[in-house]
Amino acid sequence: MEVEIVARETIKPSCPTPQSLRKFKLSLIDQLTPPVYGSLLYFYSFNGDTNRHVSVSERSQQLKKSFSDTLTLFYPFAGRTVDNIMIDCSDYGALFIEARVDCPLSHFLRQPNGDELKLFLPTQVESTEASTGFFSLVQASFFDCGGVAIGVCISHKLADGTTLRTFMRCWAAVTALGSARAEMVPIYNAAALFPPRKFPEAVPPLVDIAEERFSVKRFVFDASRVAALKAAAASASVERPSRAEAVTALLWKCALNAARSNSGSKRPSLLTRPVNIRRRISPPLPDSSVGNLVGFYMAEKDDIGEVEIKGLVRELRERIQVFDKNYVKMLQKEDGFEQVTDYFKEAASQMMRQDVEFYICTSLCNGSMYDHVDFGWGKPVWVTIPSANNKNVMELIDTRKGDGSVEAWVVLSKDDMYLVERDPELLAFASSNPSVLEEDTDTTRHSG
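About the cut-offs
Residues numbered from 1 in each chain as written. Predicted model: local features only at pLDDT ≥ 70, side-chain atom pairs only at ≥ 80, totals over all residues. Heavy atoms only, no water. UniProt positions renumbered as here; feature names shortened; annotations may be inferred. Salt bridge = Lys/Arg side-chain N within 4 Å of Asp/Glu carboxyl O. Buried < 20%, exposed > 50% of the residue type's maximum accessible area, 1.4 Å probe, protein only. Helix = DSSP H or I, 4+ residues; strand = E, 2+ residues; numbered from the N terminus. Pairing = 2+ DSSP bridges. Patch = residues over 30% accessible without salt bridge, like charges linked within 9 Å, V, L, I, M, F, W, Y side chains within 5 Å. Areas by Shrake-Rupley, 256 points an atom, 1.4 Å probe, with all protein chains shown as cover. Lys, Arg positive; Asp, Glu negative; His and termini not counted. Charge placed at Lys NZ, Arg CZ, Asp CG, Glu CD.

In the nomenclature of an unreviewed UniProt entry, the chain corresponds to BAHD acyltransferase from the organism Xanthoceras sorbifolium. Recorded under Sequence similarities (unreviewed entry), the UniProt text for the chain is reproduced unchanged: "Belongs to the plant acyltransferase family."

Right, dumping it as structure tokens:
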């Protein structure tokens, strides 16, 4: 498969940003977030009835116009960061890339490759330009069959997963309908809730981008096997584990067992999970609140005993309960700046320890990622998360079925992945990189 870049264009907001809005303050959490890109990929099949008389150039022009209109609402996304304390919203613009793919979409979806996914992104997720260059970039890749892939990268300095989703919903609505619904219009209140501060010293980032290339694999847990896994993970302490808890615990167990087997040492382990705090704030915030409105907690497997799913689920549940009780209150205290900074420093130091197996798990489950992202071509046939080159990362997202099935992208060392992808316990609950086409028969009919 070859993805050929045919055009690059800087897109500016359709209406100039007023002078009064050109100095946009980051929140404290934005400041503590590493300068990398958050990214999502949306794949759309060819809809013969809708797209029959619309050329690729016309579709591209329509996307660029609506992108420009959307940037008027998301005006900080066309800006540049300044000294990790504000965004200069002087309408520098965002990058729009147009590409052609020399195969039908169905060919790629039969067995999607984690490395090839990155060809549909406008930049590398780990690019250092997230702090100095374009704040947001998109790539529209048009397949031979008429299918389209939309890849979006937005600097994590102002966009968590929820903000990315809100942006895509707004852009899709502007493209298809000419305007966005009220709940898609961004609200900028994070800096008022968590004011920025000047840091006396640098805070180590919670991301370790390595030069070594790791192994990236996709696993899919269908609804019936998720139900079975939840039953297997249940205990007197956690009678009803969530899907994310059960899948995270299983992946953590398999990865940790593989690492212990390869190292010959039963090292303890830590797993950190980001948490959306919009609903945890009082009063709760809508999803359209822009920024890194997230916290995180760390779960531990601190003994050398056998790794059990029930025990890991119990640890995950206990840690989120402590988080719910303390984290937002800590942020909003008078000395919250010092406390949250220490919290990040401690997490970063734990991540760098050589005597601990450290994992990161993110989850977009229950995020309704397939809803309200119709650009006029129907719902996406696949929404997925391209993985950065971070070791020991697990990323969860719902499948298109919407029936409780879960897709997981896992990044491990090659030696650890060799054991994980052959682990009989994992394979009892998950399929290794099944065809996306199996999830929906309509895809087979439309995508070529």
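That was the structure; now back to the text.
## Some points on the pattern of salt bridges
Considering all chains together, one arrives at 20 salt bridges under this definition. The shortest N-O distance in the salt bridge between Glu183 and Arg181 comes to 2.4 Å. Judged by its relative accessible area of 43%, Glu183 falls in the partly exposed class. On the basis of relative accessible area, Arg181 is assigned to the partly exposed category, the value being 37%.

## Examining the pairing of strand β15 (residues 406–412)
Of all 7 residues in β15, 7 are buried; the element is thus mostly enclosed. Alternating residues of β15 divide into Val406, Ala408, Val410 and Leu412 and Glu407, Trp409 and Val411, and every residue in both groups is buried. Alignment of strand β9 (residues 215–221) against β15, held across 7 bridges, turns out to be antiparallel. In the sheet register, Val216 faces β15, and the bridge partner there is Val411. Where strand β14 (residues 393–398) meets β15, 6 bridges bridge the pair, whose relative direction is antiparallel. By the bridge assignment, Met394 is partnered in β15 with Val410.

## Describing a negative patch on the surface
A cluster of acidic side chains, namely Glu2, Glu4, Asp102 and Asp144, defines a negative patch on the protein surface. With respect to the helices, strands and loops of the structure, Asp144 is situated in the loop between β7 (136–143) and β8 (148–155). On the basis of relative accessibility, which here comes to 60%, the residue Asp144 falls in the exposed class.

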